[in-house]
Amino acid sequence: MKPKKHRADFDNRRFASLAPLAREIPDIDSAIAEIARLSAELTLPKGTVHIISDIHGEDRKLRHVINNASGTLRPLVERLFKDKMGAEELQQFLTLVFYPAEVVGMLETKIRTAQAQKNFAIKTLRALFEIVRVLGVRCTLQHGMRLFPAPYRELLAEILHEPSTDRDREYVEAIVEELSRRGRVLHLIHLTCRVIRNLAINELIIAGDCWDRGPRGDRVVDYLMQQPNVSFVWGNHDMAWLGAALGHEALICQVLRITLRYRRLLQLEEGYGVPIEPLETLVRKVYTDDLATGFEVKGSGMRDPLTVARMQKAAAVMQFKLEGQVIDRHPEWQMEHRRLLHRIDREAGTIEVDGFIYRLKSAHFPTIDPVHPYELAPDERICLERIRSSFLASHKLWDQMRWMVSHGRMCLRRDEHLIFHGCVPVDEHGEFLPMYVGGRPHSGSALFDAIEDAVYRMLEEPSRQDLDLLWYLWCGPQSPLFGKDRIATLERDLIEDKKTHHETKNPYFHLIHEVWFCDKILEEFGVDSTDGLIVNGHVPVQVEKGESPLKRSGKAITIDGAFSEAYGDHGFTLVLEAHRTFLAKHHHFESIEAALHKGADIIPTITVVREWEPSKRVADGQRGRLIRSLIAQLEQLIQAYKGNHLPQQLTL
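Residues numbered from 1 in each chain as written. Predicted model: local features only at pLDDT ≥ 70, side-chain atom pairs only at ≥ 80, totals over all residues. Heavy atoms only, no water.

## Thoughts on the overall build of the protein
Part 1 of the reasoning: Broken down by element type, the protein carries 26 helices and 16 strands.
Part 2 of the reasoning: On the principal axes, the C-alpha backbone points of the protein span a range of 90 × 85 × 45 Å.
Part 3 of the reasoning: For the protein, the residues scored as buried account for 56% of the 652 residues in total.
Part 4 of the reasoning: Sequence separation of 24 or more characterises 73% of the internal contacts of the protein that already satisfy a separation of 6 or more.
Part 5 of the reasoning: Put simply, the protein shows about 29200 Å² of open surface, and 51% of that area lies on carbon and sulfur atoms.
Part 6 of the reasoning: Computed over 85 positive and 92 negative side-chain charges, the inter-centroid distance for the protein is 2 Å. (Helix = DSSP H or I, 4+ residues; strand = E, 2+ residues; numbered from the N terminus. Buried < 20%, exposed > 50% of the residue type's maximum accessible area, 1.4 Å probe, protein only. Contact = heavy atoms within 4.5 Å. Areas by Shrake-Rupley, 256 points an atom, 1.4 Å probe, with all protein chains shown as cover. Lys, Arg positive; Asp, Glu negative; His and termini not counted. Charge placed at Lys NZ, Arg CZ, Asp CG, Glu CD.)

So this is what it looks like as C-alpha cells:
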C-alpha cells in the first residue's frame, strides 16, 4: 500500500501546482483556446531587442535614442508617408512621434477651435495607426492590447480595426469629436505615439552604468522606469551608486567625488535631495587656503570653481582613507599595495607607489594624521555622517535602486547573444580567475551567480561584508564589472607623472579577439558557440582612432561607444531583429529643443553584424521555450479537468 500513498501524494502536489493556473483558465475549452493562441505565437517573428550600454547620466540623448527606436522609426515613417506628406509636414509628424508630450503641449496653444482640433486629430490618428498596424503584425493581439493604455484600450482597438470593418468613416470621427469636445483628443494622440514607441522596441536591455559623468543619472533611470519592458545588466558604476544608497561610506565619497569633478550637483541636490552643504562647511573650515592642485573641475556651474575643486579634494581624501579601511578588512583581496596614504612623505613632498618614489602635485593634506592616516578627522566624520543620512533618507534613490536590482542580472542571454557589462576575469592563458564572494572563491559563470545572489540578498539587510563587496565590484582587480589591475584615482589626483595613471586591463580584453577564447566563454555560460556573440560594454570603443566594436574573432562586440558627452559623445545600440543583428552608431545630440523646433535627429550609421536565414521566429528563442512549457502545463490542466481532479468553472 505504501507506493500507492506516495503516488497519491505526488498527484496531490501536481494538481495543487495547477490550481493557480486553473483560476485563470477555468475550463477545457479555455485551455484549448489558449494552447491554440500560444501555438500561433510561436510562428511570429522574434521580438526586436535594443541593447544600450554605458549611458553615464546622458539623459537627453538616451531619451531621444529610445524615442526614435535607435533610428529605426524614421525610415519606416518615411516609407509609409513619403508620397502622402510634404517634406515639412513629414518632419512635423516625425517630431510628434518622437516627442508627443512636448508637441501636444504646443498644439494645445496653437489649435484653438474645436473643428480645427477635430480635423487635425482625425488625420493624425489615422496616420499614427498606419504605423501601429505595421508594427503590430510582429506581436500577438493580446500583447499589442496590453500596450494600449487601460482607460482607452477598447477605444483604440476600434480605431485599430477601422480599415477591416464595413463601418462608415463617421464611426471613428464620432469618437474623435466626442474626445475633442471634452478636451482629450490630443491626449489620445500622445498616448498613441507612446504605443508606437513601445511596439518598435519589444525589449530594452541596459548593459550597465547609468550614472556618473553625464548630467542626470536620476533622469536616466526615471525614463527607463517608464518603459514597458526593460532588463538590466549591472555595471560597476551602478554598484557604486547602490553601495552609496545603502550607506557605504567609501562609495558615498566616490559618488561625491565624481559628481563634483564633473559639476553634476543638480543630480544629487535636486534629483535625490542630497544637499552638499556639509561638504561646503568642511571646505570653509579646513581647506580655506587650499589651491586644490590636481582637482580642477570640468564644465561650468553656479558655484565658484575653486570651491568645487576644494570640495572634490575633501571628498577624495575621505575616499582614500575609507578605502584603506576596506582593504584592511579584506586581506583575501590582496590589495594592501593599494593602501597609499601612509606612503606619503609630506616633508619631501613625495609618495611611494609600487616601490617607486614620485613627487606629489601638492603635499597639503590638513586632515591626514601621519600616525593614523586612514582615520577620518572629527570634521570629516561630522560631514560624512550628515551626507550619509541624506543618502539613506532619499526615497527616490532607494526606489531607483530597488528597481535596478529587481530588473537586473549579472548577465543575460538573448538567443545567440551573451550580454554582460565588463568581462569574465581570466589569466593570460584564458583560465578563469577566482573572486571571493561570501568568504569563498568563485570563478566563471559560478562567480556571476554568486554575485547575483549576494546583491539580491543585501537589499533586505546588508552586512558590512555585503557592502564591502559592492566596493570591490566597483574597482576590484578580479571584479567582472571592472576588469583592471587597479583604479588609479589617487595617482591621477596626486601625482603628475602619468606613468602612474596607467590601469592594466584584464587579459580578457585582448583574448576576445581569439575564436577559441570566445567559444570557451560562450560554452561556459550555456550559449551555442556556433553562432554565439559576446556583447559587453564598459570599455569605450575609440571610434575616432578607427577602432572597431566588432573584435577580430567575429564573436565578440563592445557596445560602449562613449555615449556621454564627457566620454566622447558617440554611443551604440545593438539591435537584435528577427532577420539580423546590427549595430547603430549614434552621434552628438544637440538638444530636445532643437529636435522640437529644427527637427534635429540622430540618424545612426548602421553596421550589420549577423544575418539570419531564415528569419528567427518566436519558436526559436527563449520566449518559445517558455511558451512550450506553458503549453505542457495547459495539457496537464486539461487532463486534470478530464479526470475531475480539478473542477471546471463552467459558465453558461
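## Here we look at helix H18 (residues 378-393)
Part 1 of the reasoning: Counted at 1.5 Å a residue, the expected span for H18 with its 16 residues is 22 Å, and the 23 Å between its end C-alpha atoms agrees.
Part 2 of the reasoning: Where H18 is concerned, the buried positions are Glu380, Cys383, Leu384, Ile387, Ser390 and Phe391. The buried residues of H18 all sit within an arc of 120 degrees when viewed along its axis, so they share a single face.
Part 3 of the reasoning: Against helix H13 (236-245), helix H14 (249-261), helix H15 (265-271), helix H16 (277-286), helix H17 (305-329) and helix H19 (395-406) lie the buried residues of H18. (Expected span 1.5 Å × (residues − 1). Arc of directions from axis to C-beta.)

## Comments concerning the packing of aromatic side chains
When we look at a pair of aromatic rings, we describe it by the centre distance and by the angle of the planes.
Part 1 of the reasoning: Evaluation of the coordinates by the stated rule reveals 14 aromatic pairs.
Part 2 of the reasoning: Pairing Tyr508 with Phe509 gives two aromatic rings, centres 5.2 Å apart and planes at 90 degrees, and the pair type is edge-to-face.
Part 3 of the reasoning: With a relative accessible area of 0%, Tyr508 lands in the buried category.
Part 4 of the reasoning: Judged by its relative accessible area of 13%, Phe509 falls in the buried class.
Part 5 of the reasoning: Ring centres 5.9 Å apart and planes at 70 degrees place the aromatic pair Tyr508 and Phe517 in the edge-to-face group. Comparing Tyr508 with Phe517, the two get one shared label, buried.
Part 6 of the reasoning: Aromatic rings pair up to connect Phe420, Phe448, Tyr508, Phe509, Trp516, Phe517 and Phe525 into one cluster.
Part 7 of the reasoning: A cation over an aromatic ring shows up here: Lys520 above the ring of Phe432, its NZ or CZ 4.9 Å from the ring centre.
Part 8 of the reasoning: When the ring centre of Trp612 is taken as reference, the NZ or CZ atom of Lys616 above it lies at 4.6 Å. (Phe/Tyr/Trp six-rings, centres within 6.5 Å; stacked < 30°, edge-to-face > 60°. Lys NZ or Arg CZ within 6 Å of the ring centre and 35° of its normal.)

## Quick look at the layout of surface pockets
Empty space among the atoms can be located by rolling a probe the size of a water molecule over them.
Part 1 of the reasoning: Computed from the structure, the largest pocket encloses a volume of approximately 880 Å³.
Part 2 of the reasoning: Along the wall of the largest pocket there are 30 residues; nearest its centre are Arg213, Lys484, Arg492, Glu503 and Tyr567.
Part 3 of the reasoning: Counting residues per element, the ones that place at least two in the lining of the largest pocket are H13, H14 and helix H22 (489-494).
Part 4 of the reasoning: At four residues, H14 tops the list of elements feeding residues into the lining of the largest pocket.
Part 5 of the reasoning: When its residues are assigned to classes, the lining of the largest pocket shows nine nonpolar, nine polar and twelve charged.
Part 6 of the reasoning: Its volume calculated, the second largest pocket comes out at about 650 Å³. (1 Å grid on protein atoms, 1.4 Å probe; cavity = no way out; pocket = protein on both sides within 12 Å on 5 of 7 lines; lining within 4 Å. Points joined across faces, edges and corners; volume = space filled by probe spheres on them. Nonpolar A, V, L, I, M, F, W, Y, C, P; charged D, E, K, R; others polar.)

## A closer look at the sheet that holds strand S8 (residues 411-414)
Part 1 of the reasoning: Strand order in the open sheet formed by four strands is S8-S9-S12-S13, and the pairing between neighbours is mixed. Of all the strands in the sheet, the pair left with one neighbour each is S8 and strand S13 (556-558). The average undirected angle you get between the axes of adjacent strands in this sheet is 20 degrees.
Part 2 of the reasoning: Relative to strand S9 (residues 417-420), S8 runs antiparallel, the two being bridged by four bridges. What sits directly across from Leu412, in S9, is Ile419.
Part 3 of the reasoning: Each of S9, strand S12 (533-536) and S13 touches helix H24 (residues 515-524); the most contacted strand, S12, lies at about 85 degrees to it. (Pairing = 2+ DSSP bridges. Axes fitted to C-alpha atoms, helices over the stretch in contact; angles between N-to-C directions.)

## Quick notes on the nonpolar core
Part 1 of the reasoning: Within the largest apolar cluster, 179 residues are counted, with the highest numbers of intra-cluster contacts made by Leu279 and Trp471.
Part 2 of the reasoning: Counting residues per element, this core draws most heavily on H17, which supplies twelve residues.
Part 3 of the reasoning: If we skip the residues at most four places from it in the chain, Trp471 touches His248, Ala250, Leu251, Glu323, Val326, Ile327, Trp333, Met335 and Gly476.
Part 4 of the reasoning: One finds Ala31, Ile35, Leu637 and Tyr641 within the second-largest nonpolar core, a separate group that totals 20 residues. (Core = buried A, V, L, I, M, F, W, Y, C linked by side-chain atoms within 4.5 Å.)

## Thoughts on the sheet that holds strand S16 (residues 605-611)
Part 1 of the reasoning: In space, the seven strands of this open sheet follow the order S7-S3-S2-S1-S14-S15-S16, with mixed pairing throughout. Every other strand in the sheet has two partners, leaving strand S7 (408-409) and S16 as the edge strands with one partner each.
Part 2 of the reasoning: Across four bridges, the pairing between strand S1 (residues 49-52) and strand S14 (residues 572-576) is antiparallel. Within S14, the position partnered with Val49 by the bridge is Leu576.

## Concerning helix H3 (residues 59-67)
Part 1 of the reasoning: Counting buried residues along H3, seven of its nine residues qualify, which places the element largely inside the surrounding structure.
Part 2 of the reasoning: Inspection of H3 places Asp59, Lys61, Leu62, His64, Val65, Ile66 and Asn67 among the buried residues, and these make up the whole buried set.
Part 3 of the reasoning: With its phi angle positive at about 55 degrees, Ala69 sits one or two positions after the end of H3.

## Quick notes on empty space enclosed by the protein
Part 1 of the reasoning: Taken as a whole and assessed by the stated rule, the structure comprises four cavities of 30 Å³ or more.
Part 2 of the reasoning: Taken as a whole, the largest cavity holds about 200 Å³ of empty space.
Part 3 of the reasoning: Glu323, Ile327, Arg338, Trp471 and Ile487 are the residues nearest the centre of the largest cavity, which is lined by 17 residues in total.
Part 4 of the reasoning: When residues of the lining of the largest cavity are traced back to their parent elements, those giving at least two are H17, helix H21 (464-475) and H22.
Part 5 of the reasoning: For the lining of the largest cavity, the element with the highest residue contribution is H17, accounting for five residues.
Part 6 of the reasoning: For the lining of the largest cavity, the per-class residue count stands at ten nonpolar, three polar and four charged.
Part 7 of the reasoning: In this structure, the second largest cavity occupies an estimated 70 Å³ of space.
Part 8 of the reasoning: Lining the second largest cavity we find Ile66, Arg197, Asn198, Ile201, Asn202, Leu204, Gln227, Pro228, Asn229 and Val230.
Part 9 of the reasoning: Considering only residue class, the lining of the second largest cavity consists of five nonpolar, four polar and one charged.

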